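A structural walkthrough
Spelled out, the chains give:
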Amino acid sequence: MDATASSAPPASPVADDAEAMIRLEGVGKTYPDGTVAVHELDLEVARGEMVCLVGPSGCGKSTTLKMINRLIEPTTGRIWLDGSDVTDVDPVELRRGIGYVIQQIGLFPHQRIEQNVMTVPLLYGESKATARERAHELLTTVGLDPELYARRYPHELSGGQRQRVGVARALAANPPVLLMDEPFGAVDPVVRGRLQDEFRRLQAELGKTVVLVTHDIDEAIRMGDRVAVFAAGGRLAQYATPAELLAHPADEQVADFVGAGGLRTLTVTRLREEHLEPIDGVSAGELGAAIDIDSSLEDALAAMLRDDKPMIGVRRGPRFLGVLTPAGVHRALRESLR
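Residues numbered from 1 in each chain as written. Predicted model: local features only at pLDDT ≥ 70, side-chain atom pairs only at ≥ 80, totals over all residues. Heavy atoms only, no water.

**A word on the layout of surface pockets**
If you add up the space inside the largest pocket, you get close to 470 Å³. Taken together, 19 residues make up the lining of the largest pocket; nearest its centre are Arg95, Ile98, Tyr100, Val120 and Arg169. Elements supplying a minimum of two residues to the lining of the largest pocket: α2 (91-96), β6 (98-102), α3 (113-123) and α6 (159-171). Looking at the lining of the largest pocket element by element, the count peaks at five residues for β6. Of the residues contributing to the lining of the largest pocket, the split by class is eleven nonpolar, five polar and three charged. (1 Å grid on protein atoms, 1.4 Å probe; cavity = no way out; pocket = protein on both sides within 12 Å on 5 of 7 lines; lining within 4 Å. Points joined across faces, edges and corners; volume = space filled by probe spheres on them. Helix = DSSP H or I, 4+ residues; strand = E, 2+ residues; numbered from the N terminus. Nonpolar A, V, L, I, M, F, W, Y, C, P; charged D, E, K, R; others polar.)

In structure tokens, the structure reads:
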């Protein structure tokens, strides 16, 4: 995720101050040997938004994440969390109020799964009974039946299941902010896709503010409400919605990096009623299973291929809207690229 920033990156579509959960103002990190990890970064994350930080190795995205919860102290600038300067807060207390998920989940190997998730509530003084009840609720939330998994040990779970436990543990204190550093990088591609979908659903349901670091532009496009593309030297090359990033990259290097246009645009292009055809004259044998109007073009094409049908039905809730044909896909994609 390598692009070089222009001398003056385009203004980001930031939220109003009243709505910003996280705000970085001129934040930089320079190490004693002169290495600049992050260069004068201005960035805002709205309340309830998921923002993905993406870029090549060594571009400062993980350093930025760690400066938010003060695992790394910035050299310059200020960081605001829900209106408060994080430098005015004790670092340990600050971290207790921020969920943190990393690639190597770091579960306690000799504790059962429920005990791993209970750790933070117990630190806050909750009773064991309340902490256990909270742990079971969270395991259910992340798709792990507590009847089956609560009493198991980490080594008895798959990599994807352990990652879900890591997310549950990060949510245990009900933090408003969740920081995630390559959270799905240690699992195979099939499980990774499922975890991405599950977490996106979970985030929409819980309304957490999420900052997620990834080196995978496909993951950033799929997961983020907005994407911050970092360039070498810790500079912000572009900050935009996935659709805007793909359709209007800030410069040629950003375009090369994100692979603007083409198949990735399918992921961020949503169906609209004007893309559909009426069902009149369509036989049942031509029609695949219906999908929701909020689906992406990628979802629609996958359904056509799965059902081996030349068109697919589209609905809004119980109401049938029409059918999507290859011509409709072409129109939608052309409009998106334009």
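**Thoughts on the sheet that holds strand β1 (residues 20-30)**
The sheet built from four strands is open, its strands ordered β2-β1-β4-β5 with antiparallel pairing. The open sheet terminates on both sides in strands that have one partner only, identified here as β2 (36-46) and β5 (84-85). Taken together, the two bridges between strand β4 (residues 76-81) and β5 define a ladder with antiparallel strand orientation. Within β5, the position partnered with Trp80 by the bridge is Asp85. Along the sheet face, helix α1 (residues 61-68) touches β1, β2 and β4 and points at about 120° away from the line of β1. (Pairing = 2+ DSSP bridges. Contact = heavy atoms within 4.5 Å. Axes fitted to C-alpha atoms, helices over the stretch in contact; angles between N-to-C directions.)

**Some words on helix α4 (residues 128-141)**
Compared with an ideal rise of 1.5 Å per residue, which puts 14 residues at 20 Å, α4 spans 20 Å between its outermost C-alpha atoms and is within 8% of the ideal. Those residues of α4 that fall on the buried side of the exposure criterion are Ala131, Ala135, Leu138 and Leu139. The arc that holds every buried residue of α4, seen down its axis, measures 100°, which confines them to one face. When the buried face of α4 is taken as reference, the exposed residues oriented beyond 90 degrees from it are Ala129 and Glu133. Considering only its buried residues, α4 is in contact with α3, α5 (146-149) and α6. (Expected span 1.5 Å × (residues − 1). Buried < 20%, exposed > 50% of the residue type's maximum accessible area, 1.4 Å probe, protein only. Arc of directions from axis to C-beta.)

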